[in-house]
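# Fold and geometry: a report
One-letter residues, chain by chain:
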Amino acid sequence: MATLKKIPLVLMGCGGVGRQLLQHIVSCRSLHANLGVHLRVVGVSDSKSLVVASDVFTKEFNDNLLSEICRLKADHSSLSTLISGFRGECQVFLDSDLRGKLSEIASLLGISTGLAFVDCSASSETVEILTQAVDLGCCIVLANKKPLTSTMEDYDKLVSRPRRIRYESTVGAGLPVIASLNRILSSGDPVHRIVGSLSGTLGYVMSEVEDGKPLSQVVKAAKSLGYTEPDPRDDLSGMDVARKALILARLLGMRINIGSLKIESLYPEEMGPNIMSVEDFLSTGLPLLDNDIGERVRKASLNGNVLRYVCVIEGSRCTVGIQELPQNSPLGRLRGSDNVLEIYSRCYSEQPLVIQGAGAGNDTTAAGVLADILDIQDLFP
């Protein structure tokens, strides 16, 4: 029997996506074995602690340990409690030692066996260890958007070795957005316009208000369905879409920062989280916004158009906000929480390349991350 190619990896972030990734790794063992690959998890961290295999060269977390990590984090427990049940199999490092230990693992495995750093966190603080990992010869796979939307200096460092970075799941979850753009660009076909609805939450909200429902009622329904963050303003601010737009704009070669994007928030500053509680925003703030959105919906309808919350990247311009779009366009026909991206280039000038599908959810995002890890297997001995 042929020897399996082993890919050592460290996972940062044990939220919904990180746990789902570990579950996918366990459930796909036989599939990966048929592909000649074995994913060897040697470390898992959350925001407060890091669990590492007792010997990162020869040991790995077995599937029982990975399942226990998923159970613990689903219960919001600390990774440090693992030690009692798996003594001898792993070591736990807390706050102050965490970053130093991650750097040590990167330096030990980066050049020798290779190592994939997988960032499924939502933290802006992982960028430092990721840039170090790149210097130490590691590969990085990202679902976390924040490292790629940090400073241009950080961005340049992260993408300095294009073969060693994958970040498909930062935009559109498991949809092939980054791969499609890379293929178009590498063929010499210049992309001159991208229009995308890249928030499942805002896609749902805009298609529901189109039916005449008040914004406040739609947002409350979206929250009860689990479509929004605990504070819906995290979605309504447009910042999540802006980060995705910035990743796409930088991929096209635009050297811009998040502060230079024009971002339309669906609520005014005086209803911000520092001024109004979530409860007050939902009960008294949101209803005050109903008439304005309702009027905009009616005006668009008179022109045969609909409102969609989109990013537009064209020339040197990158904007995020509500746009009036033709009812019969791919974005105009969008219903529910799907993502849709239209890419216009020389080859796709009259009819854009359209990518559509589920653009959110832990399962699809984790599946995209897993596919990215397998895509870099040729870089491992």
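Above this text sits the structure in question.
The paragraphs below set out a description of the structure included in this document. (Residues numbered from 1 in each chain as written. Predicted model: local features only at pLDDT ≥ 70, side-chain atom pairs only at ≥ 80, totals over all residues. Heavy atoms only, no water.)

## Here's the deal with the side chain of D231
- Tracing the chain through its elements places D231 in the loop between α10 (215-224) and α11 (233-236).
- With a relative accessible area of 12%, D231 lands in the buried category.
- If sequence neighbours within four positions are ignored, D231 has contacts with P273 and V278. (Helix = DSSP H or I, 4+ residues; strand = E, 2+ residues; numbered from the N terminus. Buried < 20%, exposed > 50% of the residue type's maximum accessible area, 1.4 Å probe, protein only. Contact = heavy atoms within 4.5 Å.)

## Here we look at the sheet that holds strand β12 (residues 338-345)
- Read from one edge to the other, the open sheet built from 6 strands follows the order β9-β11-β10-β8-β12-β13, with strand pairing classed as mixed. Each edge of the open sheet is held by one strand with a lone partner, namely β9 (262-263) and β13 (353-358).
- With 6 bridges joining them, β12 and β13 adopt antiparallel strand pairing. Bridged to V340 within β13 is Q356. (Pairing = 2+ DSSP bridges.)

## What to know about the nonpolar core
- F117, Y167 and L248 are the most contacted members of the largest nonpolar core, which has 79 residues in total.
- Among the elements that make up this core, the one with the highest residue count is helix α12 (residues 239-251) (8 residues).
- Discounting residues that sit within four places of it in the chain, Y167 has contacts with L142, L148, Y155, I178, I247, L251 and D372.
- Counting residues in each nonpolar core, the second largest holds 38 residues, with C14, V51, A53 and L370 among its members. (Core = buried A, V, L, I, M, F, W, Y, C linked by side-chain atoms within 4.5 Å.)

## Comments concerning the packing of aromatic side chains
- Within the structure shown, the criterion is met by 2 aromatic pairs.
- Between Y204 and Y227, the aromatic rings sit 5.0 Å apart at their centres with planes inclined by 80°, giving edge-to-face as the arrangement. With Y204 in helix α9 (residues 200-209) and Y227 in the loop between α10 and α11, this residue pair connects regions lying 23 residues apart in the sequence.
- With a centroid separation of 5.7 Å and 70° between ring planes, the pair formed by Y267 and F281 is classed as edge-to-face. (Phe/Tyr/Trp six-rings, centres within 6.5 Å; stacked < 30°, edge-to-face > 60°.)

## What to know about the environment of I355
- Of note, I355 is situated in strand β13.
- Note on I355: relative accessible area 8%, which makes it buried.
- Not counting residues within four places of it along the chain, the set of residues in contact with I355 comprises L175, P176, V177, S180, N339, V340, L341 and I343.

## Overview of the layout of surface pockets
- Within this model, the second largest pocket holds a volume of roughly 500 Å³.
- If you go around the second largest pocket, you meet 17 residues; those closest to its centre are P162, I165, R166, I178 and N182.
- If you list the elements that add at least two residues to the lining of the second largest pocket, you get β7 (165-166), α8 (177-186) and α15 (362-375).
- Per-element accounting of the lining of the second largest pocket gives the leading share, 4 residues, to α15.
- In the lining of the second largest pocket, the residues fall into 10 nonpolar, 2 polar and 5 charged. (1 Å grid on protein atoms, 1.4 Å probe; cavity = no way out; pocket = protein on both sides within 12 Å on 5 of 7 lines; lining within 4 Å. Points joined across faces, edges and corners; volume = space filled by probe spheres on them. Nonpolar A, V, L, I, M, F, W, Y, C, P; charged D, E, K, R; others polar.)

## Here's the deal with the sheet that holds strand β3 (residues 49-53)
- Taken together, the 7 strands give an open sheet; going across it, the order is β4-β3-β2-β1-β5-β6-β7, and neighbouring strands pair in mixed fashion. At either margin of the open sheet sits one strand with a lone partner, and together these are β4 (90-94) and β7.
- For β3 and β4, the ladder comprises 5 bridges, and the chain directions are antiparallel. Within β4, the position partnered with V52 by the bridge is Q91.
- Lying on the sheet, helix α5 (residues 95-109) is in contact with β1 (5-12), β2 (37-45), β3, β4 and β5 (116-119); it crosses β4 at an angle near 130°. (Axes fitted to C-alpha atoms, helices over the stretch in contact; angles between N-to-C directions.)

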